[in-house]
Amino acid sequence: MKIRVDGTSELVKPYSGTVRQFQQGSGTVGQGSGIDKQFYQESRLFLCRTSPFKNHLVSSIHSGQGGDRFIYKPYKYPEKYREIIQDASEKRMSVRFDGRVALVTGAGGGLGRSYALLLAQRGAKVVVNDLGGSKSGGGGDSRAADLVVQEIRASGGEAVPNYDSVEEGEKLVQSALNVYGRIDIVINNAGILRDKSFARLSEQDWDLVHRVHLRGAFKVSQAAWPHMKKINFGRIIMTSSVAGIFGNFGQANYSAAKLGLVGLSNTLAEEGARFGIHSNVIIPMAASRLTQDILPPEVFDALSPDHIAPIVAWLCHEDCEENGSIVEAAGGWAGRYRWQRSKGIVLTDQRTKMVSLENVKDGWEKVIDMSEHEYPDSTQGATMDVVARIQESMSSDPGHSSDEVSPLSAVGYTSKPVPFSYNFKDLIIYALGVGVSTKDKHGLRYLYENDEMFSALPTFGVIPAMSGLEDLVSGNIPGLDFHLANVLHGEQYMEILKPIPTSGRLENIFRIQDVLDKGSGMVLLIEVETRDENNELLMRNQNSIFVKGSGGFNGPRNSKHLTPVSTPPSRSPDKTLKHKTTVDQAALYRLSGDLNPLHIDPAFSAIGGFSSPILHGLCTYGIAVRHVIDGFCAGDPGAVREIKARFSKPVLPGQTVITEMWKDADKVLFSCQVQETGEKCLTGGWIRIQGFNNSKL
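Residues numbered from 1 in each chain as written. Predicted model: local features only at pLDDT ≥ 70, side-chain atom pairs only at ≥ 80, totals over all residues. Heavy atoms only, no water.

### Regarding the overall build of the chain
Link 1 in the chain: Counting its secondary structure elements, the chain contains 18 helices and 25 strands.
Link 2 in the chain: Residues classed as buried in the chain amount to 48% of the 697 residues present.
Link 3 in the chain: Counting contacts in the chain only where the partners sit at least 6 residues apart, residues at least 24 apart contribute 71% of the total. (Helix = DSSP H or I, 4+ residues; strand = E, 2+ residues; numbered from the N terminus. Buried < 20%, exposed > 50% of the residue type's maximum accessible area, 1.4 Å probe, protein only. Contact = heavy atoms within 4.5 Å.)

### Some details on helix α4 (residues 143-154)
Since the α-helix turns once every 3.6 residues, residues separated by three or four places project in the same direction.
Link 1 in the chain: Its 12 residues give α4 an end-to-end C-alpha distance of 16 Å, which sits within 8% of 16 Å, the value for a rise of 1.5 Å per residue.
Link 2 in the chain: Looking at the packing, one finds that the buried side of α4 touches α3 (110-121), β7 (125-129) and β8 (158-162).
Link 3 in the chain: Where α4 terminates, the next one or two residues include G156, which has phi positive at roughly 90°. (Expected span 1.5 Å × (residues − 1).)

### Some remarks on the sheet that holds strand β20 (residues 537-548)
Link 1 in the chain: A sheet is described by the order of its strands in space; here 10 strands give the open sequence β16-β18-β19-β20-β17-β22-β25-β24-β23-β21, paired in antiparallel fashion. Looking at strand neighbours, the two that pair on one side only are β16 (418-422) and β21 (575-580), the edges of this open sheet. Taking each pair of neighbouring strands and ignoring which way they run, the sheet shows an average axis angle of 20°. (Pairing = 2+ DSSP bridges. Axes fitted to C-alpha atoms, helices over the stretch in contact; angles between N-to-C directions.)

### What to know about the pairing of β20
Link 1 in the chain: In terms of burial, β20 is a largely internal element, 10 of the 12 residues being buried.
Link 2 in the chain: Sheet analysis places strand β17 (residues 487-496) next to β20, joined by nine bridges and oriented antiparallel. From the neighbouring strand, E491 faces β20, where its bridge partner is S544.
Link 3 in the chain: As paired elements, strand β19 (residues 521-531) and β20 share 11 bridges and run antiparallel to each other. Within the sheet, the bridge partner assigned to R531 lies in β20 and is L537.
Link 4 in the chain: Remark: five residues form the turn of the hairpin made by β19 and β20, two consecutive strands paired antiparallel; N535 in that turn has positive phi of roughly 65°.

### A closer look at the sheet that holds strand β9 (residues 185-188)
Link 1 in the chain: Read from one edge to the other, the open sheet built from eight strands follows the order β8-β7-β6-β9-β10-β11-β12-β13, with strand pairing classed as mixed. The sheet is open, and its two borders are formed by β8 and β13 (333-337), each paired with just one other strand. With direction set aside, neighbouring strand axes in the sheet form an average angle of 20°.
Link 2 in the chain: Note that strand β6 (residues 101-104) and β7 share four bridges and pair parallel. Each bridged residue has a counterpart across the sheet, and for A102 the counterpart in β7 is V126.
Link 3 in the chain: Helix-sheet contacts for helix α6 (residues 203-231) involve β6, β9, β10 (234-239) and β11 (277-285), and the interaxial angle to β9 is about 175°.
Link 4 in the chain: Contacting β10, β11 and β12 (326-330), helix α8 (residues 252-272) runs over the sheet at an angle of about 155° to β11.

### Brief notes about the packing of α3 against α4
Link 1 in the chain: In the contact formed by α3 and α4, the axes pass within 10 Å of each other and the chain directions differ by 25°. Taken as axis vectors, α3 and α4 run roughly parallel relative to one another. At the point where α3 passes α4, the crossing takes the right-handed sense. Facing α3, whose interface residues are R113, A116, L117 and A120, α4 presents V148, E151 and I152.
Link 2 in the chain: Here the residues of the contact of α3 with α4 are counted per class, giving five nonpolar, no polar and two charged. (Parallel < 35°, antiparallel > 145°, perpendicular 65-115°, else oblique. Left-handed = near helix turned anticlockwise from the far one by under 90°. Nonpolar A, V, L, I, M, F, W, Y, C, P; charged D, E, K, R; others polar.)

### A short note on the packing of α6 against α8
Link 1 in the chain: It is at 8 Å that the axes of α6 and α8 come closest, and there the two elements cross at 15°. The angle between α6 and α8 places the two elements in the roughly parallel class. Crossing handedness for the pair α6 and α8: right-handed. Contact residues: α6 offers D205, W206, V209, H210, H213, L214, A217, F218, S221 and W225, while α8 offers A252, N253, Y254, A256, A257, K258, G260, L261, L264, L268, E271 and G272.
Link 2 in the chain: In terms of residue class, the contact of α6 with α8 is made up of 13 nonpolar, six polar and three charged.

### Quick word on helix α18 (residues 617-632)
Link 1 in the chain: Its 16 residues place the ends of α18 23 Å apart at the C-alpha level, agreeing with the 22 Å of an ideal helix rising 1.5 Å per residue.
Link 2 in the chain: For α18, the tally of buried residues reaches 14 of 16 residues, placing the bulk of the element in the interior.
Link 3 in the chain: Downstream of α18 by one or two residues, A634 has phi in the positive range, about 55°.

### Observations concerning the confidence of the model for the chain
Link 1 in the chain: In the predicted model, the chain carries a mean pLDDT of 82, and 78% of its residues have values of at least 70.
Link 2 in the chain: Predicted confidence is poor over residues 58-86, with pLDDT under 50, and the contacts of this stretch with residues over four places away or in other chains come to 77 contacts. (pLDDT = per-residue confidence, 0-100.)

### Looking at the packing of aromatic side chains
We describe a pair of aromatic rings using the distance from one ring centre to the other and the angle between the two ring planes.
Link 1 in the chain: Taken as a whole and assessed by the stated rule, the structure comprises eight aromatic pairs.
Link 2 in the chain: Seen from their ring centres, Y621 and F647 are 6.1 Å apart, and the 50° between their planes marks the pair as tilted. Residue Y621 is found in helix α18, and its partner F647 is found in strand β22 (residues 640-647); the two are separated by 26 residues along the sequence. As far as the burial class goes, Y621 and F647 line up, both buried.
Link 3 in the chain: Grouped by ring-pair contacts, the aromatic residues F420, Y422, Y430, F460 and Y589 constitute a single cluster.
Link 4 in the chain: The ring of F233 has R100 sitting right over it, with the charged end atom 3.7 Å from the ring centre.
Link 5 in the chain: The cationic tip of R338 hangs over the ring face of Y375; the distance from NZ or CZ to the ring centre is 3.3 Å. (Phe/Tyr/Trp six-rings, centres within 6.5 Å; stacked < 30°, edge-to-face > 60°. Lys NZ or Arg CZ within 6 Å of the ring centre and 35° of its normal.)

### Focus: the pairing of β11
Link 1 in the chain: The buried count for β11 comes to eight of nine residues, which makes it a mostly enclosed element.
Link 2 in the chain: In the sheet, β10 pairs with β11 via six bridges, with the strands oriented parallel. Note that in β11 the partner of R235 across the bridge is H278.
Link 3 in the chain: Inspection of the sheet shows β11 paired to β12 by five bridges, in the parallel sense. Bridging from a neighbouring strand, M285 pairs with A330 of β12.

### Describing the pattern of salt bridges
Charged atoms that come close allow side chains of opposite charge to pair.
Link 1 in the chain: Tallied over the entire structure, the rule returns 29 salt bridges.
Link 2 in the chain: When the shortest N-O distance is used, the salt bridge between K171 and E168 registers 3.1 Å.
Link 3 in the chain: A residue is classified by how much of its surface remains accessible, and K171, at 42% relative accessible area, is partly exposed.
Link 4 in the chain: E168 sits in the partly exposed class, given a relative accessible area of 31%.
Link 5 in the chain: Here E529 ties to R540 by a salt bridge, and the two come within 3.9 Å at their closest N and O atoms. Of this pair, E529 sits in strand β19 while R540 sits in strand β20; the two residues are 11 residues apart in sequence, bridging distant segments of the chain.
Link 6 in the chain: Note on E529: relative accessible area 25%, which makes it partly exposed.
Link 7 in the chain: Beyond isolated ion pairs, a larger network of salt bridges with shared partners links E495, R511, E527, E529, R531 and R540. (Salt bridge = Lys/Arg side-chain N within 4 Å of Asp/Glu carboxyl O.)

### A word on the side chain of D517
Link 1 in the chain: Secondary-structure assignment places D517 in strand β18 (residues 504-517).
Link 2 in the chain: It turns out D517 is buried and unbridged, and the closest side chain with the opposite charge, R557, is 5.5 Å from it.
Link 3 in the chain: A polar contact is formed between the side chain of D517 and the backbone nitrogen of G519, at a distance of 3.0 Å.
Link 4 in the chain: A polar atom in the side chain of D517 sits 3.3 Å from the backbone nitrogen of G555.
Link 5 in the chain: Setting aside residues up to four positions removed in sequence, D517 forms contacts with G551, G552, F553, N554, G555, P556 and R557. (Lys, Arg positive; Asp, Glu negative; His and termini not counted. Polar contact = N/O pair within 3.5 Å; in protein donor to acceptor, adjacent residues only side chain to side chain.)

Shown next, in the form of structure tokens:
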């Protein structure tokens, strides 16, 4: 229903006609307030639900065969309703896109037109792209894009037309840059149909559909990508279909392209998260030229594109954190898809260690049995779950060598003393590795050896404690045999008993306190004692190391030796600080001694199931402790006595770490999250600070 501020309806000419359906006592202005219903009943008006005046008020005359006769005429709203209508309208318009520039392909009609109109109505500047071709891809006409642009401008919005093919994505994006200087949103909506049964499908039919749907989305999105990275924001929408998810007779070309868009979007979601770029898939069912010949007339009339547009617009909004999702929408309904996989079965013959055709036949019912299932949500998760099942099957194999030693036999292992020497340069390299800058208030305290307050960061204490731990993957410790790519840092505790000197010769001894069986992997609990040149205990570290795929040995799940994490209070943080890492943060941090290729080598990180090298968990640990020192210790690192945290999710170099902190007696509780993804990366953290119990924030 279109309403002017003065309360009169937009159209002024009386109209008489026939409609098949109308509804009394509902509407869009102030819906749910109770005022609309009362108002409509007082005025004896109805809200028309079908063309030619859909969503406009009408006055019914009489009912008869074929529908209800009505007259549409301008109506002056009573004075008392003007403020209510205006307030409700403003409330509905609270989700805005002011300052954003959106490119919508295939926007000359149907869904694309609805997207463009809604975004423009909410303040976005819109590039309306439409080649103007037929639904089979033939011809071209600029009028489709021009009409939508005229409609936007007539309503006070900003828009420009574009008539290029989506295969020329650079030209589409350049249109936005030439006029508006930026690009924030790309909605890949352009599409064609060339439906034929598989036997009759030509190469031209296959290629043209893929060129428009899949290649077109690739070209447009790739052209916008560097500009989105530059502003650290982007929203990309791919348009898929139920035919892409389930297939559909006569649409082999279309369904293959549509599922290809799902894979493309998932990859962009993963690669773009660190730059604030989100990519999602919409599966719309709406009345359009592509569905006009498929849907029954009564269903076609009910599936207005206007019901889909708000869902797509929300996925494009800066407040929407959805990323990598597939959302279906139709007729006002919306729902999210996820992948489901059966538990499956390891088909390897226990005697021959091979998979035979007979084994597959005998185990097929368990392969397809969905009574036990899981929902993998990443390449890493999907891969490692399978690896864990394979290794679990091997460990429980009766034919497995009886000579193999259980990981439990490693408990109690104590290393020989391992020397560690360092000087001021090592302290400076470490400080740079955890993000200290000369521009920081206390930066020179950690970066300049002649500074009168030159000190070691307390978390430098984890570096000497790493010495000798390479024995864990050497094969020299009974019961331990695993690949370094499967090693993840689970938790870290450290206690500082004496001030860490700015140079020295230390000695470490590590002892395996416990080995825990977590099913999908095992946890090694390792205590490291570090002594100074006088053989006095300087600090104590406890490393909790998770080894993927090494569980299933019937070991304990918990340990009395594990230092507990904290639970943050429900109130808002007392302090919040953030630090943006650099793309070379891991490359710099590893110079302090943690040379695991997982943090630098893309091929090696892929073995561990990661799409790219990840930042050291202990680097994030050091960043968080720096935040606590700056926030609660007036920059004094000597106040820190104990530190504990759990590594929950990896951080990618270049992402921003946000640390939230709460004062709690003689401790500061903290947790960290990645700003670009919203995911927690450090949880359960706490730091005990000397003389802190009565201090003020």
